Amino acid sequence: MKKLLSLILVFALVLSVCGCGSFGDPTISVNEDDVSSEDGLPNSSNNTSSEEVEEGPIFDFNSWELRLVNGSTPIPDGYVPELAAISAPYAGFNGASFDARAIDPLHALCADAKAAGINLTVISAYRTNDFQTGNFERKVNNVMAADPSLTREEAEAIAATVVARPGTSEHQVGLAVDFNSVEDSFKNTDEYAWLAANCTKYGFILRYTEEKQDITKIIPEPWHYRYVGVEAAKIMEEENLCLEEFIEKYNKPTADETTADAAQ
Ligand SMILES: [Zn+2]
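We now turn to the structure provided with this report. These numbers come from a predicted model, not from an experiment.

Analysis parameters
- Within each chain, residues carry numbers counting from 1 in the order of the written sequence.
- For this predicted model, a pLDDT threshold of at least 70 governs which residues receive local features, and a threshold of 80 or more governs which side-chain atom pairs are given and counted, while totals over whole chains, interfaces and linings are taken from all residues.
- Heavy atoms from the whole structure form the basis of all side-chain values; hydrogens and water molecules are not counted.
- Secondary structure is summarised from DSSP: a helix means a run of H or I of at least four residues, a strand means a run of E of at least two, and numbering begins at the N terminus for each.
- By the convention used here, residues are in contact when the closest approach between their heavy atoms is within 4.5 Å.
- A 1.4 Å probe and the Shrake-Rupley method give the accessible areas. Residues count as covered only by the protein chains that appear here.
- Here a cavity is any set of points on a 1 Å grid over the protein atoms alone where a 1.4 Å probe fits but cannot get out, and a pocket is any open set with protein on both sides within 12 Å along at least 5 of 7 lines; a residue lines the site when it has an atom within 4 Å of a point.
- Grid points are joined across faces, edges and corners, and a volume is the space filled by probe spheres set on the points.
- Under the scheme applied here, ten amino acids are nonpolar (Ala, Val, Leu, Ile, Met, Phe, Trp, Tyr, Cys and Pro), four are charged (Asp, Glu, Lys and Arg), and all others, including Gly, are polar.
- Only protein chains enter the area calculation, which uses a 1.4 Å probe; residues under 20% of their type maximum are buried, those over 50% are exposed, and those in between are partly exposed.
- Whenever a carboxyl oxygen of Asp or Glu lies within 4 Å of a side-chain nitrogen of Lys or Arg, that contact is scored as a salt bridge.
- Two strands are said to pair when DSSP picks up at least two bridges between them.
- Orientation is described by axes fitted as lines to C-alpha atoms, over the contacting stretch for helices, and by angles from 0 to 180 degrees between their N-to-C directions.
- Our angle categories are set so that under 35 degrees counts as roughly parallel, over 145 as roughly antiparallel, 65 to 115 as roughly perpendicular, and the remainder as oblique.
- Whenever a nitrogen or oxygen atom comes within 3.5 Å of another N or O atom, the pair is scored as a polar contact, on the condition that within protein one atom can donate a hydrogen and the other can accept it, and that pairs from neighbouring residues in sequence are kept only if both atoms are in side chains.
- Note on donors: an N, O or S atom is included if it sits within 2.8 Å of the metal, or within 3.2 Å for Na, K and Ca, and water is never included, so sites can look incomplete.
- Any site counts as irregular unless it has four donors with all angles between 85 and 135 degrees, making it tetrahedral, or four or six donors with opposite ones more than 155 degrees apart and the rest between 65 and 115, making it square planar or octahedral.
- Throughout, nonpolar core names a set of buried Ala, Val, Leu, Ile, Met, Phe, Trp, Tyr and Cys residues whose side chains join them through atoms within 4.5 Å.

Another aspect to go through is the overall build of the chain. Helix and strand content of the chain: nine helices and six strands. At a minimum sequence separation of 6, the contacts of the chain that also span at least 24 residues come to 68%. For the chain, the exposed surface amounts to about 14,900 Å²; the carbon and sulfur share of it is 54%.

Here's what the structure looks like:
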């Protein structure tokens, strides 16, 4: 009898462990606990214990991988990701680096592409604020040279549709890469077709499309991919949502800080 009881206990223990959904590659899965501690944020804002658990996935939009970065949502002051070097076969320049928490999915994507005969080279990855400032200034100067009648402010507004203003580029959080070529013709390549069919499996999304340009305010960029995690990427793909739309739809109006947009 005692033996039977302990058997039942062991069985119950095994069941409770299996039901937690914590298996799988920890570098790819979304884990709110890890995310909160990485950002040094308290883990109490999403307290659902006193309420019924809602249907559908719940995302933490303050997490490192779902952080929105765009023209009206700059990177928080002092945000510096922990970086890891992109492996030599895929890095197109010295010092190419990416958020360390997403480096494995990036390498897996590049390796699987290579195995399928698709050669992906990262030509832009993490950028410092100084680097982005230089990029932006060059673009503003080019715009002003092409049309000297423009004011500096007008030129900046045009430049910002192509090169993000310093502090508003996804490259500065280490979660975006540009592959192979920053030419529009990249969308006609086998590499683009492979990425379109496979990138969400690794947690990446094509960030700037023609269809969503009115929302993202950035020109179509077939070369620019953003890491958001597999679960979010799959939903965005299935529901044809850009990141802004995804957040709008899935961000439960609890203790979020969307009022920051009021600064616009
Ligand atoms: Zn880019």
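The discussion continues.
It is worth spelling out the layout of surface pockets at this point. Leftover empty space is mapped by rolling, across the atoms, a probe with the size of a water molecule. Here the second largest pocket is characterised by a volume of approximately 660 Å³. Ala160, Thr161, Val163, Ala164 and Ile218 are, among the 32 residues lining the second largest pocket, the residues nearest its centre. Elements supplying a minimum of two residues to the lining of the second largest pocket: β3 (122-124), α4 (129-146) and α7 (213-216). Here the residues of the lining of the second largest pocket sort into 12 nonpolar, 13 polar and seven charged.

A few words now on unusual backbone geometry. With the exception of glycine, the majority of residues adopt a negative phi angle, and the majority of peptide bonds are in the trans configuration. The phi angle at Lys217 is positive, at roughly 65°, despite the residue not being glycine. Relative to the elements of secondary structure, Lys217 occurs in the loop between α7 and β6 (224-227). Classification of Lys217 by relative accessible area gives exposed; the value is 56%. One non-glycine residue, Asn240, lies in positive phi territory at about 50°. Looking at where Asn240 falls in the secondary structure, it is placed in the loop between α8 (230-238) and α9 (243-250).

Before going further, it helps to spend a moment on the pattern of salt bridges. According to the stated counting rule, one finds 12 salt bridges in the structure shown. Arg127 is the salt-bridge partner of Asp178, the closest N and O atoms lying 3.4 Å from each other. A residue pair is termed long-range when its members are at least 10 positions apart, and Asp178 in strand β4 (residues 176-179) and Arg127 in the loop between β3 and α4 qualify at 51 residues. Taking the relative accessible area as the measure of exposure, Asp178 reaches 4% and is therefore buried. Measuring nitrogen to oxygen at the nearest pair gives 2.7 Å for the salt bridge that ties Lys249 to Glu239. Note that Lys249 is positioned in helix α9 and Glu239 in the loop between α8 and α9, a separation of 10 residues in sequence. The network of salt bridges with common partners includes Glu137, Arg152, Glu156 and Arg165.

Our next topic: the sheet that holds β4. Taken in spatial order, the four strands of this open sheet run β3-β4-β6-β5, and their pairing is antiparallel. The open sheet has two edge strands with one neighbour each: β3 and β5 (204-206). Looking at each pair of strands side by side, their axes are set apart by 45° on average, direction ignored. Bridge count for β3 against β4 is two bridges, and the pairing is antiparallel. Each residue of the ladder has a partner; that of Ser124, found in β4, is Asp178.

Attention shifts here to the packing of α8 against α9. Running from N to C, α8 and α9 cross one another at 100°; their axes reach a closest spacing of 10 Å. One finds that α8 runs roughly perpendicular with respect to α9. Contacts between α8 and α9 pair Ala232, Ile235 and Met236 from the former with Leu243, Phe246 and Tyr250 from the latter. For the contact of α8 with α9, a count of residues per class yields six nonpolar, no polar and no charged.

Here we come to the side chain of His171. Looking at the element boundaries, His171 is found in the loop between α5 (152-159) and β4. In terms of polar contacts, His171 uses its side chain to reach the side chain of Asp178, at 3.2 Å. Leaving out residues up to four positions away in the same chain, His171 has contacts with Ser124, Ala125, Tyr126, Arg127, Ala176, Val177, Asp178 and His224.

What follows deals with the coordination of the zinc ion. For the zinc ion, the protein coordination sphere consists of His171 (NE2), Asp178 (OD), Asp178 (OD) and His224 (ND1), at 2.0 to 2.8 Å. For the zinc ion, the four donor atoms are set out with angles of 51 to 156° between them, so the coordination reads as irregular. For the zinc ion, all donor residues lie on one chain, and their spacing in sequence is H-x6-D-x45-H.

Let's shift gears to the nonpolar core. Formed by 34 residues in total, the largest nonpolar core has its most connected members in Ile86, Leu109, Phe179 and Phe204. Secondary-structure elements contributing two or more residues to this core are α3 (103-115), β4, α6 (190-198) and β6. Among the elements that make up this core, the one with the highest residue count is α3 (five residues). Filtering out sequence-adjacent residues up to four positions away, Ile86 remains in contact with Ala91, Ala96, Ser97, Phe98, Ile103, Leu106, His107, Val122 and Ala125. The next biggest cluster of nonpolar side chains, apart from the first, holds 15 residues, and it includes Phe59, Leu68, Ala232 and Ile235.

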